[in-house]
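Take a look at the letters that make up each chain.
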Amino acid sequence: MNEVMTNEVKKKIVYSGVQPSGNLTIGNYLGAIKNFSAFSEDYECYYCVVDLHSVTVRQVPAELRKRTYEGLAVYMACGLDPQKNTLYVQSHVHEHAELSWLLGCNTMFGELSRMTQFKDKSRKHAENINAGLFTYPVLMAADILLYQTDIVPIGSDQKQHLELARDIAVRFNTTYSETFKVPEPYMPKSGARIMSLAEPTQKMSKSDPNANAIVYILDKKDDIIRKFRRAVTDSGSEIVMGEGKDGINNLITIYSVLSGKTCEEVEREFAGKGYGDFKTAVGELCADVLRPVQEEYARLIADKKYLEEVMKLGAERASYAARRTLSKVKRKMGFTDIPR
Ligand code: TRP
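Remember, predicted model here, so these are calculated numbers, not experimental data.

Participant: Help me understand the overall build of the protein chain in this model?
Facilitator: Along its length, the protein chain carries 14 helices and 5 strands. Referenced to the eigenvectors of the C-alpha coordinate spread, the extents of the protein chain come out at roughly 75 × 45 × 40 Å. A buried classification covers 46% of the 340 residues belonging to the protein chain. Of the accessible surface of the protein chain, which amounts to about 17600 Å², a share of 52% is contributed by carbon and sulfur atoms.

Structure representation (structure tokens):
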């Protein structure tokens, strides 16, 4: 048994978290989740529904519960196989909260004060600037470091948090001896960056108050087509990419990612056609690509029993890895075990 284990090549570890919500955008899908399933062949992957993070903003309890199931179902509908990946819910693995406290005592007030997301969110939620909002990046560091993660796929908005996680890991390793793997960010290649349909110089964000700017994975076909038809473009007419043509560049990018064709191929395909025809074509292709994802989601969300089995399996696997790191950390810091 031992021999088998030592002979096994240890795969590198990929870790990522998403907020509990079924409301993912095509930006989340095309820019991130769709590519996650490719990792599972070569890496050991953990994908976490970060419900503990979500309560830094006040939640309606029944809604949070519902959205946790939705989050899990949407991951799976996008192609993440719960056998090949560890899919789990953050609050099911208590080691996250515990490590977060220990790391918090190794993180400086000044470091957390510099986090731009904290500053933004404090402005947005001025009535509820709670301590959790401030220590949010410490919990995220705990998520990542608990699993001895090598690679973290993230969007550019989370880069600063990952830098902090790296700083915390290095500091801990220097103070208490080698304990944590220092993780690297992985940012998908350009082209997968999907912009708002209303303001194509800005990233498509699921919290955009303008519903026409965003296409959700679970949007109905008619809505998808309508949103693309209303997409903001310039006053030109040719389907070619170019400087200052942010709207058309974005639509060509989306069509290219959805169809697997290069941008040049897309330009050739639509040579001689106008913006109107092209917008309809992008909308229709998008609806077609999302249809199987939506059907799978509908099937999963109706099968609560199966989702709970996935939750259980994920929590077991995650706890196993998390327990090992946490006990190492506690030993190094000088905590005692319960005498046996
Ligand atoms: N903070 C991330 C976000 O808002 C979510 C997250 C929590 C995460 N823990 C993580 C992402 C660990 C990557 C790794 O998008």
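Participant: It is not clear to me how helix 9 (residues 159–176) should be interpreted in this structure. Could you clarify?
Facilitator: Because each turn of an α-helix spans 3.6 residues, side chains separated by three or four positions end up pointing in the same direction. Between its first and last C-alpha, helix 9 extends 26 Å over 18 residues, near the 26 Å set by a 1.5 Å rise per residue. Of the residues one or two after helix 9, S177 is the one with positive phi, at around 85°.

Participant: Just checking my understanding: could you explain the site of the ligand for this structure?
Facilitator: With respect to spatial proximity, the complete set of residues near the ligand consists of Y15, S16, G17, Q19, V50, H53, Y136, M140, D143, I144, V152 and Q158. At 2.7 Å from a nitrogen atom of the ligand is found a side-chain nitrogen or oxygen belonging to Y136. One nitrogen or oxygen atom from the side chain of Q158 is found 3.0 Å from a nitrogen atom belonging to the ligand. Bound to the protein, the ligand loses 89% of the 370 Å² it would expose on its own.

Participant: Would you explain the pairing of strand 1 (residues 12–18) in this entry?
Facilitator: Look at any regular strand and the pattern is simple: side chains alternate between the two faces of the sheet. Along strand 1, 5 of the 7 residues are buried, which leaves the element largely enclosed by surrounding structure. Pairing geometry for strand 1 and strand 2 (residues 43–49), over 7 bridges, is parallel. Directly across from S16, in strand 2, lies its bridge partner Y47. In this fold, the crossover linking strand 1 to strand 2 by way of helix 2 (residues 26–42) has right-handed handedness.

Participant: Honestly, the pairing of strand 3 (residues 86–89) in this entry has me stumped. Any pointers?
Facilitator: With burial as the criterion, each face of strand 3 is covered, one bearing T86 and Y88 and the other bearing L87 and V89. Bridging between strand 2 and strand 3 involves 4 bridges; their strand directions are parallel. Residue pairing across strands places C48 opposite Y88, the latter belonging to strand 3.

Participant: Help me out: how do you make sense of the side chain of Q90 in this one?
Facilitator: Counting through the fold element by element, Q90 comes out in the loop between strand 3 and helix 5 (95–104). Overall, Q90 belongs to the buried group, its relative accessible area being 0%. Separated by 3.3 Å, the side chains of Q90 and H53 make a polar contact. Beyond its immediate stretch of four places on either side in the chain, Q90 contacts C48, V49, V50, D51, L52, H53, H96, L139 and D143.

Participant: Just checking my understanding: could you explain the packing of aromatic side chains for this structure?
Facilitator: The geometry of an aromatic ring pair comes down to the distance between the two centres and the angle between the two planes. In the structure shown here, the tally under the stated rule is 16 aromatic pairs. Cluster of aromatic residues (ring-pair linked, three or more members): F36, F39, Y43, Y47, Y75 and Y186. Lying across the ring of Y69, K304 places its NZ or CZ 5.2 Å from the centre.

Participant: Help me out: how do you make sense of unusual backbone geometry in this one?
Facilitator: For residues that are not glycine, phi is negative in most cases, and the peptide bond is trans in most cases. Even without glycine at this site, Q148 takes up a positive phi of about 55°. Within the fold, Q148 resides in the loop between helix 8 (131–146) and strand 4 (151–153). The residue S177 is not glycine, and still its phi comes out positive at about 85°. S177 sits in the partly exposed class, given a relative accessible area of 37%.

Participant: How should the environment of V293 be read in this particular structure?
Facilitator: One can find V293 in helix 13 (residues 275–301). Separated by 19 residues in sequence, V293 and K312 place their C-alpha atoms 23 Å apart. Not counting residues within four places of it along the chain, the set of residues in contact with V293 comprises Y29, A77, C78 and I217.

Participant: Looking at this structure, how should I read the side chain of S319?
Facilitator: The topology assignment puts S319 in helix 14 (residues 304–333). A distance of 2.6 Å separates a polar atom in the side chain of S319 from the backbone oxygen of A315.

Participant: Explanation requested: the nonpolar core in the structure shown.
Facilitator: Nonpolar side chains in soluble globular proteins tend to end up buried together. Counting residues in hydrophobic clusters, the biggest one holds 59 residues, and the most contacted among them are I26, Y47, F228, I254 and F278. The contacts of Y47, once residues within four sequence positions are left out, are V14, S16, F36, F39, Y75, L80, N85, T86, L87 and Y88. Formed by 37 residues, the second largest nonpolar core is a distinct cluster that contains L102, A141, L164 and F180.

Participant: Would you mind showing me how to read the environment of C45 here?
Facilitator: Within the secondary structure, C45 sits in strand 2. Of the residues examined, C45 reaches a relative accessible area of 1% and is grouped as buried. The sequence separation of C45 and G79 amounts to 34 residues, and the corresponding C-alpha distance is 13 Å.

Participant: So what exactly am I meant to see when it comes to the pattern of salt bridges here?
Facilitator: Pairing is possible between side chains of opposite charge, provided their charged atoms come close. Counted according to the given criterion, the structure contains 14 salt bridges. Between E98 and K330 there is a salt bridge; the shortest N-O distance is 3.0 Å. Taken together, the residues E98 in helix 5 and K330 in helix 14 connect sequence positions 232 residues apart. Note that D157 is salt-bridged to K203, the shortest N-O span being 4.0 Å. Here the residue D157 occupies a position in the loop between strand 4 and helix 9, and K203 occupies one in the loop between strand 5 (184–186) and helix 10 (221–229), the gap between them amounting to 46 residues. The class of D157 is partly exposed, set by a relative accessible area of 47%. With relative accessibility at 36%, the residue K203 sits in the partly exposed group. Bridged by salt links that share partners, the residues E163, R166 and E184 form one connected network.

Conventions used here
- Residues numbered from 1 in each chain as written.
- Predicted model: local features only at pLDDT ≥ 70, side-chain atom pairs only at ≥ 80, totals over all residues.
- Heavy atoms only, no water.
- Helix = DSSP H or I, 4+ residues; strand = E, 2+ residues; numbered from the N terminus.
- Buried < 20%, exposed > 50% of the residue type's maximum accessible area, 1.4 Å probe, protein only.
- Areas by Shrake-Rupley, 256 points an atom, 1.4 Å probe, with all protein chains shown as cover.
- Expected span 1.5 Å × (residues − 1).
- Near = heavy atom within 4 Å.
- Polar contact = N/O pair within 3.5 Å; in protein donor to acceptor, adjacent residues only side chain to side chain.
- Pairing = 2+ DSSP bridges.
- Right-handed = clockwise from strand over helix to strand, strands pointing away.
- Contact = heavy atoms within 4.5 Å.
- Phe/Tyr/Trp six-rings, centres within 6.5 Å; stacked < 30°, edge-to-face > 60°.
- Lys NZ or Arg CZ within 6 Å of the ring centre and 35° of its normal.
- Core = buried A, V, L, I, M, F, W, Y, C linked by side-chain atoms within 4.5 Å.
- Salt bridge = Lys/Arg side-chain N within 4 Å of Asp/Glu carboxyl O.

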